[in-house]
Amino acid sequence: MEYSTFGRHVAVDTWGVDFELLNSAEFLQAQMVEAAEACGATVMSVQSKQFEPQGATVLVLLSESHLSIHTYPERGFAAIDCYTCGETVDPQLAIDYLVSVLKPEKCFAKKLVRGLGEMTVETPEMKQAELV
């Protein structure tokens, strides 16, 4: 069987997010799994780290690739990215879900289209996701 190399990688910087939301690896882990499921991805495993005095990192390994968040609660900042291979899982849906949960004051996003030769960079349309 031959697989497509096509993939989409959405990266988002969020600013102005509530400290408490960004400072709970447990909360973020649950939201990341929900986001992965919302975009139709298959969760293989989850790793998370709560930092001291603050901050968290959560990595969700997907059958289709990955979803990650790195937070700086003292700055109200989170770096989120989702990369998925193939046509069936849209990483933008996972990103939209997380942005809907975190409710940032500002959000800056780029999408890389990968696996077709020269990578292209696009500015994705951000939408409010329906929370589960």
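Residues numbered from 1 in each chain as written. Predicted model: local features only at pLDDT ≥ 70, side-chain atom pairs only at ≥ 80, totals over all residues. Heavy atoms only, no water.

Colleague: How would you summarise the sheet that holds strand S7 (residues 120-122) if you had to cite specific residues and measurements?
Modeller: Taken in spatial order, the seven strands make up an open sheet running S2-S3-S4-S5-S1-S6-S7, and their pairing is antiparallel. A strand with exactly one partner marks an edge of an open sheet, and here the two such strands are strand S2 (43-50) and S7. Recorded for the sheet is a direction-independent mean angle of 10 degrees between the axes of neighbouring strands. With eight bridges connecting them, strand S4 (residues 65-72) and strand S5 (residues 77-85) associate as antiparallel partners. Residue pairing in the sheet places leucine 67 in a bridge with cysteine 82 of S5. Those strands touched by helix H2 (residues 25-38) are S2, strand S3 (56-62) and S4, and its axis lies near 30 degrees from that of S3. Contacting strand S1 (7-15), S4, S5 and strand S6 (106-114), helix H3 (residues 91-102) runs over the sheet at an angle of about 160 degrees to S5. (Pairing = 2+ DSSP bridges. Helix = DSSP H or I, 4+ residues; strand = E, 2+ residues; numbered from the N terminus. Axes fitted to C-alpha atoms, helices over the stretch in contact; angles between N-to-C directions. Contact = heavy atoms within 4.5 Å.)

Any functional reading would require information beyond the geometric quantities listed.
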